[in-house]
Amino acid sequence: MGILVLGLGNLLMSDDALGGRVIEHLQQAYVFDEGVALLDGGTLGLDLLPRLEGIARLLLVDAVDMRAKPGTIFRLEGEEVPRAFASKLSVHQMGLKDLLAVAELHGYLPGEILLWGVQPQSIEMCLEMTRPVREALPQVVTGILEDLRRWGVEWRKAA
């Protein structure tokens, strides 16, 4: 199956922690089919390249600056994904754009790429996400679960 759900961001930078927090929630609350990997990619950028080998579908989760109201949720597909990182919030997003470009050169680029993103309110040094982003997190999780089911993935709540 080869599906990777990849959360990106810095847990120390308020709303930039979204990707890691979503992955943490999915790992604790759900059990997925074999062939589905959940990874908190943090700020690793190009170091994630080996993780894309053999992946058919990539679902990214990150805080993205789309110049919208804080807490606004975005679901982007295919070519829309690299464009979402044109307005970089942090260094890892430049790394993601590079990662996708290098993956394409190496023939590792997944056939299907989705991004679930939320407009941050703050990316200042802080261990807590802001209220609008915290409140968006359950909707992002629900959207991810729906997309995984659409891709044929079975999941159940953890015991």
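Further up the page is the structure itself.
## Notes on the pairing of strand β5 (residues 73-77)
Phase 1: What you see with β5 is a clean split: Phe74 and Leu76 sit on the buried side and Ile73, Arg75 and Glu77 on the side with no burial.
Phase 2: Of the strand pairs in this sheet, β5 and strand β6 (residues 112-118) are connected by 5 bridges, and their pairing is antiparallel. Residue pairing in the sheet places Phe74 in a bridge with Gly117 of β6.

## Concerning a nonpolar patch on the surface
Phase 1: Judged by side-chain polarity, Leu12, Met125 and Leu127 come together as a nonpolar surface patch covering roughly 340 Å² of accessible area.
Phase 2: Take Leu12: it is sitting in the loop between β1 (3-8) and α1 (18-29).
Phase 3: The partly exposed category is assigned to Leu12, whose relative accessible area is 45%.

## Here we look at α1
Phase 1: Over its 12 residues, α1 extends 16 Å from the first C-alpha to the last, a length consistent with the 16 Å expected when each residue adds 1.5 Å.
Phase 2: Every buried residue of α1 is accounted for by Leu18, Gly19, Gly20, Val22, Ile23 and Leu26.
Phase 3: Buried-residue contacts for α1 involve β1, β2 (30-32), β3 (36-42), β4 (57-63), β6 and α5 (131-150).

## Thoughts on the layout of surface pockets
Phase 1: Of the pockets and cavities examined, the largest pocket occupies roughly 220 Å³.
Phase 2: Lining of the largest pocket is provided by Gly78, Glu79, Val81, Pro82, Leu100, Ala101, Glu104, Leu109, Pro110, Gly111, Glu112 and Ile113.
Phase 3: Sorting the residues of the lining of the largest pocket by element identifies α3 (80-84), α4 (91-106) and β6 as the ones contributing at least two each.
Phase 4: For the lining of the largest pocket, the leading source of residues is α4, giving 3 residues.
Phase 5: Of the residues in the lining of the largest pocket, the class split is 7 nonpolar, 2 polar and 3 charged.

Conventions adopted
- Residues numbered from 1 in each chain as written.
- Predicted model: local features only at pLDDT ≥ 70, side-chain atom pairs only at ≥ 80, totals over all residues.
- Heavy atoms only, no water.
- Buried < 20%, exposed > 50% of the residue type's maximum accessible area, 1.4 Å probe, protein only.
- Helix = DSSP H or I, 4+ residues; strand = E, 2+ residues; numbered from the N terminus.
- Pairing = 2+ DSSP bridges.
- Patch = residues over 30% accessible without salt bridge, like charges linked within 9 Å, V, L, I, M, F, W, Y side chains within 5 Å.
- Areas by Shrake-Rupley, 256 points an atom, 1.4 Å probe, with all protein chains shown as cover.
- Salt bridge = Lys/Arg side-chain N within 4 Å of Asp/Glu carboxyl O.
- Expected span 1.5 Å × (residues − 1).
- Contact = heavy atoms within 4.5 Å.
- 1 Å grid on protein atoms, 1.4 Å probe; cavity = no way out; pocket = protein on both sides within 12 Å on 5 of 7 lines; lining within 4 Å.
- Points joined across faces, edges and corners; volume = space filled by probe spheres on them.
- Nonpolar A, V, L, I, M, F, W, Y, C, P; charged D, E, K, R; others polar.

In short, shape yes, function no, at least from these values alone.
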